[in-house]
Amino acid sequence: MFRAIADVLRQIGGAVATVVTLPFRAVARLFGGASSATRSRRV
C-alpha cells in the first residue's frame, strides 16, 4: 500500500520537476550563448 503511494508520488514529483525545469532550460539555451560570450569577453 505504502509502496504504491510512494511510487505515485515519485511519478508526480518527476512530472512536476520536468515541467518546472523545461522553461528554465529553454531560457538557458536562448541566453546560453550570450552569457558564455560575455563571460569569455570579461575574462
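Going by the structure above, here's the rest.
Since the model is a prediction, treat every value here as computed from it, not as a measurement.

Visitor: In this structure, what is going on with the overall build of the protein? I would like to understand it.
Guide: Helix and strand counts for the protein come out as 1 helix and 0 strands. In the protein, which comprises 43 residues, the proportion classed as buried is 0%. Taken as a whole, the protein presents about 4200 Å² of accessible surface, with 68% of it coming from carbon and sulfur.

Visitor: What's the story with a nonpolar patch on the surface in this structure? I'm lost.
Guide: Taken together, Met1, Phe2, Ile5, Val8, Leu9, Ile12, Val16, Val20 and Phe24 make up a surface patch of nonpolar side chains, about 1000 Å² in accessible area. By secondary structure assignment, the location of isoleucine 5 is in helix α1 (residues 2-42).

Analysis parameters
Residues numbered from 1 in each chain as written. Predicted model: local features only at pLDDT ≥ 70, side-chain atom pairs only at ≥ 80, totals over all residues. Heavy atoms only, no water. Helix = DSSP H or I, 4+ residues; strand = E, 2+ residues; numbered from the N terminus. Buried < 20%, exposed > 50% of the residue type's maximum accessible area, 1.4 Å probe, protein only. Areas by Shrake-Rupley, 256 points an atom, 1.4 Å probe, with all protein chains shown as cover. Patch = residues over 30% accessible without salt bridge, like charges linked within 9 Å, V, L, I, M, F, W, Y side chains within 5 Å. Salt bridge = Lys/Arg side-chain N within 4 Å of Asp/Glu carboxyl O.

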